[in-house]
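Okay, here's what each chain looks like letter by letter:
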Amino acid sequence: METLTTIFEAINGVVWGPLMLILLLGVGLYLQLGLKLMPIRKLGTGFKLMWQGRDAKPVAGEVKKAEAEGEISPFNALMTALSATIGTGNIAGVATAIALGGPGAVFWMWITALVGMATKFAEAVLAVRYRETDSTGYHVGGPMFYIKNGLGRKWLWLGGAFAFFGAVAAFGIGNTVQSNSVADALDSTFGIPHWLTGVAIMVLAGAVILGGIKRIAKVAGKLVPFMGIAYVAAGLVVLVVNAGQLGEAFGMIFYYAFNPHAAVGGFAGAAVMAAIRFGVARGIFSNEAGLGSAPIAHAAAKTRNPVRQGMIAMLGTFIDTIIVCTITALVILTSTVWIEGEAGASLTALSFDAALPGWGNQIVSLALAVFAFTTILGWSFYGEKCFQFLFGTRSIMLYRVLFVLAIPLGAMAQLGFIWLMADTFNALMAIPNLIALALLSPVVFKVTRDYFDGKEVLPGEDLDHDKA
């Protein structure tokens, strides 16, 4: 085990090192510039399309055949993607970024989100354009399919690599790590045993996961908006209480993004490079832009219009990081707890509790539990589709059963090595996806330009031209 740990630590240091972060930011910036900042300029249009896409009926301008394409509404596709991204990264990840990189890390999280919006847009455009219908009649898509159908059969091995990394990562980052986080939070706050939490999550998640994407999307469509709004509302209450410190918090974010922070109290201090490194790394960990997970959900949307779904998909990064992560960051920075050396979810809990004594810790524990539960649901679908790509449609139920059975094991286990392995495979997913995004970027640019010029090309049309 020690040898394996050493090997994975070495790989992890590379795949989450500066080169990977530069690659993720670089591809995102390239796409954002290639799209002429459209994801930022059309943010309002994205929210309008999201609202119109709450049911499965085609929105204004969609072709009638859209009703026959896909399994879930465009809105629920976004909620399914958000169910997987809004999780421990929004609570523990933000706190870790501040604890290790200082207040300036928040600024670099914002930058990551702004370029990540273009990445998410491109991922969803390609996912809808190159998706397939499996033997059961369901639409399947994601990086493995836009690699296969967009880049051609000679790149099939790259799609297989993504699917392998995704299927393995789902058991870690989307399953055992999440159930363990919930078990820890509920045990420390309410004294609930780990095994009981694990069994409860297994039963609840199993009832949803075994029903497939339609049931997952239906639950996500209800639970994600509720949990997101409730957490943001609780955060806003804290910010009202701490209103006098808000100006100073924003000042620290912008100042220490470009200046080192000296050690103070229990905070060890942070160089500018630390602010950039941890801000970018935790931002990507939270919103998953570039990892290739979200387009798997968006491929199931009831639409034949890649660009419309892309504009809805890009909201996932904005909501996750610019809204939810920012609330967490401001709650932490308007308290004085962050300079006392705390980190992770406990830092967020203590910051909430400082403003809402007796309530803050419970709010964070419950939010963490719901966030982690929905992450399990979203990642079960991601892992299932990756497994299906490798082993065929008949393997789906096997994967679902194994995924559900792993939940209580994660809740009761010591997850040091599992976390390391999952984090490594999570980053490895990004490599094939980023290669595909870079190579297929001309398709994204052309499809987007044609859409806004009124010369829309629908999925399945002119695919040979794309490959050329």
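Residues numbered from 1 in each chain as written. Predicted model: local features only at pLDDT ≥ 70, side-chain atom pairs only at ≥ 80, totals over all residues. Heavy atoms only, no water.

Novice: Help me understand the overall build of the protein in this model?
Specialist: Check the secondary structure of the protein and you find 21 helices and two strands. Here the protein has a C-alpha radius of gyration of 21 Å; the compact-globule value for 468 residues is 23 Å, and the two agree. Out of the 468 residues belonging to the protein, those deemed buried represent 60%. Taking as baseline every contact in the protein between residues at least 6 positions apart, the subset at least 24 positions apart corresponds to 83%. In the protein, which carries 30 positive and 27 negative side-chain charges, the distance between the mean positions of the two groups comes to 11 Å. (Helix = DSSP H or I, 4+ residues; strand = E, 2+ residues; numbered from the N terminus. Rg over C-alpha atoms; globule rule 2.2 N^0.38 Å. Buried < 20%, exposed > 50% of the residue type's maximum accessible area, 1.4 Å probe, protein only. Contact = heavy atoms within 4.5 Å. Lys, Arg positive; Asp, Glu negative; His and termini not counted. Charge placed at Lys NZ, Arg CZ, Asp CG, Glu CD.)

Novice: Would you mind going over the packing of helix 9 (residues 156-190) against helix 19 (residues 396-412) with me for this structure?
Specialist: The geometry of a pair of packed helices is captured by two quantities: the angle between their axes and the separation between those axes. Orientation of helix 9 relative to helix 19, taken along the N-to-C sense of each, is 40°, at an axis distance of 7 Å. Between helix 9 and helix 19, the crossing angle belongs to the class labelled oblique. Crossing of helix 9 over helix 19 shows right-handed handedness. For the pair helix 9 and helix 19, the contacting residues are A167, A170, F171, G174, N175, T176, S179, N180 and A183 in the first and Y399, L402, F403, A406, I407, G410, A411 and M412 in the second. In terms of residue class, the contact of helix 9 with helix 19 is made up of 11 nonpolar, six polar and no charged. (Axes fitted to C-alpha atoms, helices over the stretch in contact; angles between N-to-C directions. Parallel < 35°, antiparallel > 145°, perpendicular 65-115°, else oblique. Left-handed = near helix turned anticlockwise from the far one by under 90°. Nonpolar A, V, L, I, M, F, W, Y, C, P; charged D, E, K, R; others polar.)

Novice: For this particular structure, what's the right way to read helix 16 (residues 315-333)?
Specialist: Along an α-helix, a turn takes 3.6 residues, which lines up residues three or four apart on a common side. Taking 1.5 Å per residue, 19 residues should reach 27 Å; helix 16 reaches 25 Å between its end C-alpha atoms and fits that length. When the local axis directions of helix 16 are compared, the greatest deviation, roughly 35°, occurs at T326. The element helix 16 is largely enclosed, with a buried count of 17 among its 19 residues. (Expected span 1.5 Å × (residues − 1). Bend = angle between axes of the 7 residues up to and from the residue.)

Novice: Looking at this structure, how should I read the side chain of S351?
Specialist: Following the sequence through the fold, S351 ends up in helix 17 (residues 344-355). Within the structure, S351 has its side chain in polar contact with the side chain of S335 (distance 3.3 Å). At a separation of 2.8 Å, a polar atom in the side chain of S351 contacts the main-chain carbonyl oxygen of L347. Not counting residues within four places of it along the chain, the set of residues in contact with S351 comprises V331, I332, S335 and V337. (Polar contact = N/O pair within 3.5 Å; in protein donor to acceptor, adjacent residues only side chain to side chain.)

Novice: What should I look at first to understand the nonpolar core in this one?
Specialist: Side chains that are nonpolar tend, in soluble globular proteins, to be buried together. Grouped together as the largest cluster of nonpolar side chains are 152 residues, with contacts concentrated most on F121 and Y382. The element that contributes the greatest number of residues to this core is helix 20 (residues 416-452), accounting for 17 residues. Setting aside its immediate chain neighbours within four residues, Y382 contacts T80, A81, A84, E288, S293, A294, I296 and A297. (Core = buried A, V, L, I, M, F, W, Y, C linked by side-chain atoms within 4.5 Å.)

Novice: Would you take a moment to explain the pattern of salt bridges for this structure?
Specialist: Here the idea is simple: oppositely charged side chains can pair when their charged atoms come close. Under the criterion given, the structure shown has four salt bridges. Put simply, E132 and K148 hold a salt bridge, and the shortest N to O gap is 2.9 Å. Taken together, the residues span a long stretch of sequence, with E132 in strand 1 (residues 132-133) and K148 in helix 8 (residues 143-151) at a distance of 16 residues. For E132, a relative accessible area of 24% translates into the label partly exposed. For K385, the salt bridge goes to E384, with nearest N and O atoms at 3.3 Å. The class for E384 is buried, based on a relative accessible area of 2%. Bridged by salt links that share partners, the residues E384, K385 and R400 form one connected network. (Salt bridge = Lys/Arg side-chain N within 4 Å of Asp/Glu carboxyl O.)

Novice: Explain the packing of helix 18 (residues 360-391) against helix 19 to me, please; I cannot follow it from the model alone.
Specialist: Taken N-terminus to C-terminus, the directions of helix 18 and helix 19 make an angle of 140°; their axes are 9 Å apart at the nearest point. In this structure, helix 18 crosses over helix 19, and the sense of that crossing is right-handed. When helix 18 is examined against helix 19, the residues I376, W379, S380, G383, E384, K385, F387 and Q388 are found in contact with a partner set consisting of I396, Y399, R400, F403 and I407. Its residues placed into classes, the contact of helix 18 with helix 19 shows seven nonpolar, three polar and three charged.

Novice: Honestly, the packing of aromatic side chains in this entry has me stumped. Any pointers?
Specialist: Given two aromatic rings, one states the distance between the centres and the angle between the planes to describe the pair. As enumerated under the stated definition, the model contains 23 aromatic pairs in all. Arranged with centres 6.5 Å apart and planes meeting at 35°, the rings of W110 and F250 form a pair that is tilted. With W110 in helix 7 (residues 104-129) and F250 in helix 12 (residues 246-255), the pair connects residues that are 140 residues apart, well separated along the chain. (Phe/Tyr/Trp six-rings, centres within 6.5 Å; stacked < 30°, edge-to-face > 60°.)

Novice: Help me understand the side chain of T328, please; the structure alone is not making it clear to me.
Specialist: With respect to the element layout, T328 can be found in helix 16. Using a relative accessible area of 0% as the deciding quantity, one classes T328 as buried. In this structure, T328 is in contact with N90, I91, V94, Y231 and T348, ignoring residues within four places of it in sequence.

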